[in-house]
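One-letter residues, chain by chain:
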Amino acid sequence: MYDEIRATAKNLEKQRDRLLSELKSLEEDYKKGKIGEDIYKAKRHEIERAIVEIMDRIAQMRFLMGQA
């Protein structure tokens, strides 16, 4: 069970890193004028919500592993 929790936490960390990279790319596209403000704000909100959810799940996994 501990190995499963650790694997899940690692997977969540990879998802978080991917989303952070996606957010950075989105910000660069907005600054370069490749996307409009409405699209930028909507996508940013969507990515940020996903990051918050993942961070919450990572915190839960760390708690279960005794690393809180």
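Source: prediction; values computed, not measured. (Residues numbered from 1 in each chain as written. Predicted model: local features only at pLDDT ≥ 70, side-chain atom pairs only at ≥ 80, totals over all residues. Heavy atoms only, no water.)

**So, the pattern of salt bridges**
- Counted by the stated rule, this structure contains 5 salt bridges.
- A salt bridge links R16 to D17, with the nearest nitrogen and oxygen atoms 3.1 Å apart.
- Judged by its relative accessible area of 42%, D17 is partly exposed.
- As a salt-bridge pair, K41 and E37 come within 3.0 Å of each other at their nearest N and O atoms. Taken together, the residues span about one helical turn, with K41 and E37 both in helix α2 (residues 37-64) at a distance of 4 residues. (Salt bridge = Lys/Arg side-chain N within 4 Å of Asp/Glu carboxyl O. Buried < 20%, exposed > 50% of the residue type's maximum accessible area, 1.4 Å probe, protein only. Helix = DSSP H or I, 4+ residues; strand = E, 2+ residues; numbered from the N terminus.)

**Examining the environment of I51**
- Structurally, the position occupied by I51 is in helix α2.
- When the C-alpha atoms of I51 and L23 are compared, they prove to be 9.8 Å apart, with 28 residues separating the residues in sequence.
- Apart from residues no more than four positions distant in its own chain, I51 is found in contact with L19, L20 and L23. (Contact = heavy atoms within 4.5 Å.)

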